[in-house]
Amino acid sequence: MSPRRVTLADVAKAAGVSRTTASLVLSGRGRELRISQDVEQRVLRAADELEYRPNIVSVGLRTGTSRTIGFVSDTVATSRLAGDMIKGALEAARDRGFMLFIGETEGDVELERLLLQTMHDRQVDGLILASMFTRAIKVPKAITAAPAVLLNALPKQPTPLPAVLPDEVEAGRRAARVLLEAGHRDGIHLIGAGPGLRDVPPESVAAVERLVGIREALGEAGVKVAGARTCPDWQPEYGFAATRDLLHTIRPRALICFNDRIAMGAYQALDDAGLKVPGDVSVVSFDDHPIASWIRPTLTTVALPHYELGRTAVDVLFAEIGREHADAERVGEVHRVPMPLRSRESIAPPPAN
């Protein structure tokens, strides 16, 4: 048989005070209502000795808060790369004394509806709806029953819900600038998307925004994109095929790969052609996947800030929870989280020849 839960009445009896007095002390209102320091210390000591923990359910009924947050994602929870979003959200919630309920939809719309309904049934104080990769989504109506935030997703239609996203445009600028700072002015080719803003994989917000940033930074320096190869999927085999196709026509001086998996394929194609990174061709990429520090030479990349995205989503959610009145006409603000550059070994000044 499990031990009986210590109640507020037990604490009051051990301290020799009324249940009301014990409740006031443990809720932090003892001084406010002029309960003596001696009584306050007796109650606190009794609670400590009995290892008393407040009944969260009954506290929630009194205060109108469950001290819980719902986190509903497509595949974030089971993704090694994006799992840090969960960690960031968990730690930010814990810092505030809140718990995180996590559910995963695997892209199933009906399962998403049921998960959101379940979160509301458990009276969560707020919701985070997260996506594995940055994309535009149809915001489910069920999410609006509580304060909510979109994480790594943009709404297809106007919504009052705020969104938290990586700053992909600035990431594109950083990737281009690191090549410019190394002295590259020509022979810069893109692998994965481009050269035009329509030359991107379907529904890839990251591709469009990274491309915008790259073109802006190069344009400001008076440098043009020398060429580009679009990849239908951002996996190593497509990066390999695209780079090999490029090498059949021209020898690049630098490659901007649209993610680290593409860069891994590009490395292989360059090696097959007898070209060295960075002596012959410099390479910069995005995401900071673990492979970026495994491959040789190690890959310079602009990191996706998964942990910071999770923490920021909770911070933004608490701001929403603190709003006195919901404004259905308000258009949700987009909060951009910086993507830091991870400088490694894959960039060098262009060859003299």
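Numbering of residues starts from 1 in each chain and follows the order in which that chain's sequence is written. Where local features are concerned, this predicted model is filtered to residues with pLDDT of at least 70; where side-chain atom pairs are given and counted, the filter is 80 or more; whole-chain, interface and lining totals use all residues. The side-chain values count all of the structure's non-hydrogen atoms but skip hydrogen atoms and water molecules.

Draft legend 1. Representation of the sheet that holds strand β12 (residues 341-342) within the structure. Strand pairing is assigned whenever DSSP detects at least two bridges linking the two strands. Strands here mean DSSP runs of E at least two residues long; helices mean DSSP runs of H or I at least four residues long; both are numbered from the N terminus. Spatial ordering of the open sheet is given by β7-β6-β8-β9-β10-β12, a layout of six strands whose pairing is mixed. Of all the strands in the sheet, the pair left with one neighbour each is β7 (227-230) and β12. Here strand β8 (residues 254-257) runs beside strand β9 (residues 282-287); their pairing, made up of three bridges, is parallel. Looking at β9, one finds that A254 is bridged to S282.

Draft legend 2. Spotlight on the layout of surface pockets. Cavity means a closed set of points on a 1 Å grid over the protein atoms alone, one where a 1.4 Å probe fits but cannot get out, pocket means an open set with protein on both sides within 12 Å along at least 5 of 7 lines, and lining means a residue has an atom within 4 Å of a point. Grid points are joined across faces, edges and corners, and a volume is the space filled by probe spheres set on the points. What the largest pocket holds in volume is close to 610 Å³. In terms of lining, the largest pocket is formed by 28 residues, of which the most central are E112, I137, K138, V139 and P140. Listed by contribution, the elements that provide at least two residues to the lining of the largest pocket are β1 (68-73), α6 (109-121) and β3 (126-137). Ranked by residues supplied to the lining of the largest pocket, first place goes to β3 with six residues.

Draft legend 3. Looking closely at the side chain of S282. If you trace the backbone, S282 turns up in strand β9. With residues up to four places along the chain from it excluded, the contact list for S282 reads L179, H184, R253, A254, L255, S346, I347 and A348. Residue contacts are defined here by distance: any two heavy atoms, one from each residue, within 4.5 Å place the two residues in contact.

Draft legend 4. Local environment of the pattern of salt bridges. We define a salt bridge as a side-chain nitrogen of Lys or Arg found within 4 Å of a carboxyl oxygen belonging to Asp or Glu. Counted by the stated rule, this structure contains 16 salt bridges. Here E170 makes a salt bridge to R173, at a shortest N to O gap of 2.7 Å. Remark: R173 and E170 occur in helix α7 (residues 168-181); sequence separation between them is three residues, near one turn of the helix. Burial status follows relative accessibility: with a 1.4 Å probe on protein chains alone, a residue under 20% of its type maximum counts as buried, one over 50% as exposed, and anything between as partly exposed. Assessed through its relative accessible area of 19%, R173 is described here as buried. Where R344 meets D288, a salt bridge forms, and the shortest distance between an N and an O atom there is 2.9 Å. Here R344 is found in the segment after β12, whereas its partner D288 is found in the loop between β9 and α11 (291-294), with 56 residues between them in sequence. Connected via shared salt-bridge partners are E170, R173, R174, R177 and E216.

Draft legend 5. Local environment of the environment of Q123. With respect to the helices and strands, the residue Q123 is situated in the loop between α6 and β3. Spatially, the C-alpha atom of Q123 lies 53 Å from that of I188, the residues being 65 residues apart in sequence. In contact with Q123, not counting residues within four places along its chain, are S66 and T68.

Draft legend 6. Examining the sheet that holds β1 more closely. Ordered in space as β2-β1-β3-β4-β5-β11, the six strands form an open sheet in which the pairing is parallel. With one partner strand each, in any of the chains shown, β2 (99-104) and β11 (334-337) form the two edges of the open sheet. When strand polarity is set aside, the average angle formed by the axes of neighbouring strands in this sheet is 25°. Across two bridges, strand β4 (residues 148-155) lies against strand β5 (residues 163-166) in parallel orientation. Looking across to β5, one finds that L151 is bridged to V164. Running at roughly 160° to β2, α6 makes contact with β1, β2 and β3 of the sheet. Only the stretch in contact is used when fitting a helix axis, every axis being a line fitted to C-alpha atoms; angles between N-to-C directions are given from 0 to 180 degrees.

Draft legend 7. Region of interest: the packing of aromatic side chains. By convention, a stacked pair of Phe, Tyr or Trp rings (six-membered ring in the case of Trp) has centres within 6.5 Å and planes under 30 degrees apart, an edge-to-face pair has planes over 60 apart, and any other such pair is tilted. Under the counting rule described, the total for this entry stands at three aromatic pairs. Ring plane angle 85° and centroid distance 4.9 Å describe the contact between F98 and F318, whose orientation is recorded as edge-to-face. Of this pair, F98 sits in the loop between α5 (83-95) and β2 while F318 is found in helix α12 (residues 306-321), placing the two residues 220 residues apart along the sequence. By relative accessible area, F98 is classed as buried at 11%. According to the relative accessible area criterion, F318 is buried, its value standing at 18%. An aromatic cluster is defined as three or more aromatic residues linked by ring pairs; in this entry it consists of W234, F258 and F286. For a Lys NZ or an Arg CZ to count as sitting over a ring, it must be within 6 Å of the ring centre and within 35 degrees of the ring normal. Positioned over the ring face of F318 is R96, at 4.5 Å from the centre of the ring.

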